[in-house]
Amino acid sequence: MNLHKPEFSPDSSSIINTVSGLHSYFRDFQSYYKVVKGQLLSKLEVAEDELQTQELKQQLHDVNEKIKYFHVLNNSISTVDVVLQTEAMIKEFTVTKEN
């Protein structure tokens with residue numbers, strides 16, 4: 001399985017698009033680290049020596065911490081994304097040409 005970290009590159013300068021992009025980005029990162037966690041747990045099950053076990057446990061600790069951080073980021077930006085998708089905010093941030 002080829003596992004790649006998510007990459008973020010906004011396709012426009014719209015605040016609504018940027019926030020929606022960040023929401024997807026943080027959600028993808030959270031999923032990415034959940035897969036990494038599963039891979040580490042699988043390796044831990046078959047680890048044969050204490051040094052390898054300790055190293056995998058440290059990596060697992062680090063990944064769990066990242067999962068928590070991305071969970072918070074994902075939930076926070078989700079709230080912002082929901083608010084920005086309201087009609088009032090869409091009108092507020094939609095660029096219109098003035099005549």
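(A) Region of the structure containing the overall build of the protein. Within the protein one finds three helices and zero strands. Listing the helices and strands of the protein from first to last along the sequence gives α-α-α. Within the span of the protein, comprising 99 residues, buried residues form 23% of the whole. The long-range fraction of contacts in the protein, counting pairs at least 24 apart against all pairs at least 6 apart in sequence, stands at 64%. Surface exposure of the protein reaches about 7,500 Å², of which carbon and sulfur atoms provide 53%.

(B) Representation of helix 2 (residues 50–84). Under the 1.5 Å per step criterion, the end-to-end length of helix 2 is 50 Å for 35 residues, consistent within 8% with the ideal 51 Å. Looking at helix 2, one finds that the buried residues are Thr53, Leu56, Leu60, Val63, Ile67, Phe70, Asn74, Ile77, Asp81 and Leu84. Where helix 2 is buried, its residues touch helix 1 (15–46) and helix 3 (87–93).

(C) Just the environment of Val83, in detail. Looking at the secondary structure, you find Val83 in helix 2. Separated by 67 residues in sequence, Val83 and Ile16 place their C-alpha atoms 9.7 Å apart.

(D) Looking closely at the side chain of Gln30. Mapped onto the secondary structure, Gln30 falls in helix 1. Beyond its immediate stretch of four places on either side in the chain, Gln30 contacts Ile67, Phe70, His71 and Asn74.

(E) Spotlight on the nonpolar core. Phe29, Tyr32, Tyr33, Val36, Leu40, Val63 and Phe70 are the most contacted members of the largest nonpolar core, which has 16 residues in total. The element contributing the most residues to this core is helix 1, with eight residues. Not counting residues within four places of it along the chain, the set of residues in contact with Val63 comprises Tyr33, Val36, Lys37 and Leu40.

About the cut-offs
Residues numbered from 1 in each chain as written. Predicted model: local features only at pLDDT ≥ 70, side-chain atom pairs only at ≥ 80, totals over all residues. Heavy atoms only, no water. Helix = DSSP H or I, 4+ residues; strand = E, 2+ residues; numbered from the N terminus. Buried < 20%, exposed > 50% of the residue type's maximum accessible area, 1.4 Å probe, protein only. Contact = heavy atoms within 4.5 Å. Areas by Shrake-Rupley, 256 points an atom, 1.4 Å probe, with all protein chains shown as cover. Expected span 1.5 Å × (residues − 1). Core = buried A, V, L, I, M, F, W, Y, C linked by side-chain atoms within 4.5 Å.

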